[in-house]
Amino acid sequence: MASGAVLRIGGGHEVPIDTPDATTLLERVEAKIAAGESFAVATINLDHVVKLQRDPGFRAAYAAQTFVVADGNPIVWTCKLAGTPVSLTPGSELVEPLCALAARMGVPVGLLGSTQEVLDQAAETLELRHPGLKVVARISPPFGFEPESAQADACLDALAASGARLCLLALGAPKQERLAARGVARVPATGFVSVGAGVDFIAGAQVRAPAWVRRIAMEWLWRMLSNPGRLAKRYAQCAAVLPGLFLRAAAAKKG
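Each chain carries its own residue numbering, running from 1 in the written order of its sequence. With pLDDT at 70 or above as the cut-off, local features in this predicted model cover only qualifying residues; side-chain atom pairs require 80 or more to be listed or tallied, and sums for whole chains, interfaces and linings still use all residues. Note that water and hydrogens are dropped before the side-chain values are worked out from all heavy atoms of the structure.

(A) Just the sheet that holds strand β7 (residues 166-170), in detail. Here, any two strands with at least 2 DSSP bridges between them count as paired. Elements are defined by DSSP. Helices are runs of H or I of four residues or more, strands are runs of E of two residues or more, and each kind is numbered from the N terminus. Reading across the sheet, the six strands line up as β4-β3-β8-β7-β5-β6 and stay open at both edges, with parallel pairing between neighbours. Because the sheet does not close on itself, it has two edges, and the strands there are β4 (67-70) and β6 (135-139). Taken pair by pair, the neighbouring strands of this sheet meet at an average axis angle of 15°, ignoring direction. By the bridge criterion, four bridges tie β7 to strand β8 (residues 191-194) in an arrangement that is parallel. Note that in β8 the partner of Cys167 across the bridge is Phe192. Contacts were defined at the residue level, with two residues in contact if any of their heavy atoms lie within 4.5 Å. A fitted line through C-alpha atoms represents every axis, and for helices the fit uses only the stretch in contact; the resulting angles, taken between N-to-C directions, go from 0 to 180 degrees. Strands in contact with helix α8 (residues 175-186) are β3 (39-44), β5 (109-113), β7 and β8; relative to β8, the strand with the most contacts, it is inclined by about 175°.

(B) Representation of the packing of aromatic side chains within the structure. Two aromatic rings, drawn from Phe, Tyr or Trp (for Trp, its six-membered ring), form a pair once their centres lie within 6.5 Å of each other, and the interplanar angle then sorts them: stacked below 30 degrees, edge-to-face above 60, tilted otherwise. Under the defined criterion, the tally for this structure stands at two aromatic pairs. Measuring from ring centre to ring centre gives 5.3 Å for Phe58 and Tyr62, while their planes differ by 80°; the resulting arrangement is edge-to-face. Highlighted residues: Phe58 and Tyr62, both in helix α3 (residues 56-63), separated by four residues, approximately one helical turn. Across the pair, Tyr62 and Phe58 agree in class, each one buried. Under the scheme applied here, a residue whose accessible area is under 20% of the maximum for its type counts as buried, over 50% as exposed, and between as partly exposed, the area being computed with a 1.4 Å probe on protein chains only.

(C) Here's a closer look at the layout of surface pockets. In this structure, the largest pocket spans a volume of roughly 1200 Å³. In this analysis, the protein atoms alone were mapped onto a 1 Å grid. Cavities are point sets where a 1.4 Å probe fits without being able to get out; pockets are open sets with protein on both sides within 12 Å along at least five of seven lines; lining residues have an atom within 4 Å of a point. Forming the walls of the largest pocket are 44 residues, and the residues nearest its centre are Asn45, Asp71, Arg223, Arg234 and Tyr235. Elements with a contribution of two residues or more to the lining of the largest pocket: α2 (46-54), α4 (73-81), α9 (198-203), α11 (219-226) and α12 (228-254). The element that contributes the greatest number of residues to the lining of the largest pocket is α12, accounting for seven residues. Residues are sorted three ways: Asp, Glu, Lys and Arg are charged, Ala, Val, Leu, Ile, Met, Phe, Trp, Tyr, Cys and Pro are nonpolar, and all the rest, Gly among them, are polar. Its residues placed into classes, the lining of the largest pocket shows 20 nonpolar, 13 polar and eleven charged. Grid points are joined across faces, edges and corners, and a volume is the space filled by probe spheres set on the points. Its volume calculated, the second largest pocket comes out at about 250 Å³. Lining the second largest pocket we find 13 residues, and of these Gly144, Phe145, Leu171, Gly172 and Lys175 sit closest to its centre.

(D) Layout of the side chain of Thr43. Assignment of secondary structure puts Thr43 in strand β3. Judged by its relative accessible area of 4%, Thr43 falls in the buried class. Separated by 3.3 Å, the side chains of Thr43 and Asp71 make a polar contact. Aside from chain neighbours lying at most four places away, what touches Thr43 is His48, Tyr62, Val69, Asp71, Thr89, Gly91, Leu94 and Ser194. Polar contact is the term for a pair of N or O atoms within 3.5 Å; when the atoms are in protein, one must be able to donate a hydrogen and the other to accept it, and sequence-neighboring residues count only if both atoms are side-chain atoms.

(E) Broad picture of unusual backbone geometry. Of the consecutive residues Ala173 and Pro174, the connecting peptide bond is found in the cis state with omega at 5°. Looking at the secondary structure, you find Pro174 in the loop between β7 and α8. Phi at Ser114 takes a positive value of approximately 50°, unusual for a residue other than glycine. With respect to the helices, strands and loops of the structure, Ser114 is situated in the loop between β5 and α6 (116-129). Although it is not a glycine, Ala189 adopts a positive phi angle of roughly 60°. Here Ala189 shows up in the loop between α8 and β8.

(F) Representation of the nonpolar core within the structure. Among buried residues, the Ala, Val, Leu, Ile, Met, Phe, Trp, Tyr and Cys ones that are joined through side-chain atoms within 4.5 Å form a nonpolar core. Ranked by internal contacts, the top residues of the largest apolar core, which has 32 residues, are Leu111, Leu168 and Val193. Contributions of two or more residues to this core are made by α1 (22-35), β3, β4, α5 (95-105), β5, α6, β7 and α9. In terms of residue count, the dominant contributor to this core is α5 (six residues). Ranked by size, the runner-up nonpolar core spans 23 residues in total, among them Leu7, Ile9, Cys79 and Leu245.

(G) Broad picture of α1. Here, expected helix span is obtained from the residue count minus one, scaled by 1.5 Å. Here α1 contains 14 residues, and its C-alpha end-to-end distance of 20 Å stays within 8% of the 20 Å for a straight helix at 1.5 Å per residue. Among the residues of α1, Thr24, Leu25, Val29 and Ile33 are the ones counted as buried. Angularly, the buried residues of α1 cover 165° about the axis, an arc narrow enough to put them on a single face. Away from its buried face, by an angle of more than 90 degrees, α1 presents the exposed residues Thr23, Glu27 and Ala34. Buried positions along α1 lie against β3, β4 and α5. Positive backbone phi, at 70°, marks Gly36, one or two positions downstream of α1. Summarising the geometry, the arc corresponds to the directions from the helix axis toward the C-beta atoms.

Here's what the structure looks like:
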């Protein structure tokens, strides 16, 4: 599946979704690692679109990403409506195949984000599931961490000192994408992949929606009902931007 998908987020701003599926992404990541090149991977969803519309710094971080995939059915539907189909590629589902790739290539992995307890449990689980995998960095930033701060510099320098060549970022948006954009410039020959809650899922600190819920595209509802106080407003904002995405996609196809 070739991808020339472009997500028109409004205000004249666009985000290219240049990687159509997980298979293509893994092939491109492998090539980058083999070449000793740094890279960053973002997984765009509706919450990102809301933030991208409002935050120039987040748009700049997205512009610095090497690869962008579609994390969320509304993004997939929008691209299909525009005549440039892509496959659903959730960031949380990239953790296992990326670790399998790292184990096969002998590439050390770093985990950055979440809590120390979660990182330690996730690292132990991943090393058991993927023989040969070495998680050489487990960096949990302090509360109030900002990606452009001296603390961020210290985290990136610690990652570089560990020898990790693939870093899974579990900070949530927009912090993980902003840090990835800085990381590719500060830490040579290292890839940064924003995986959101993926590390927490591996550690068992969060529980993902059952597979049947995901199959009917209702994971968002399952998540909202599990934590309405935190997520109801977010999903209302996401719903509000969806009609505009559809209209711009339909107009682009006609054009």
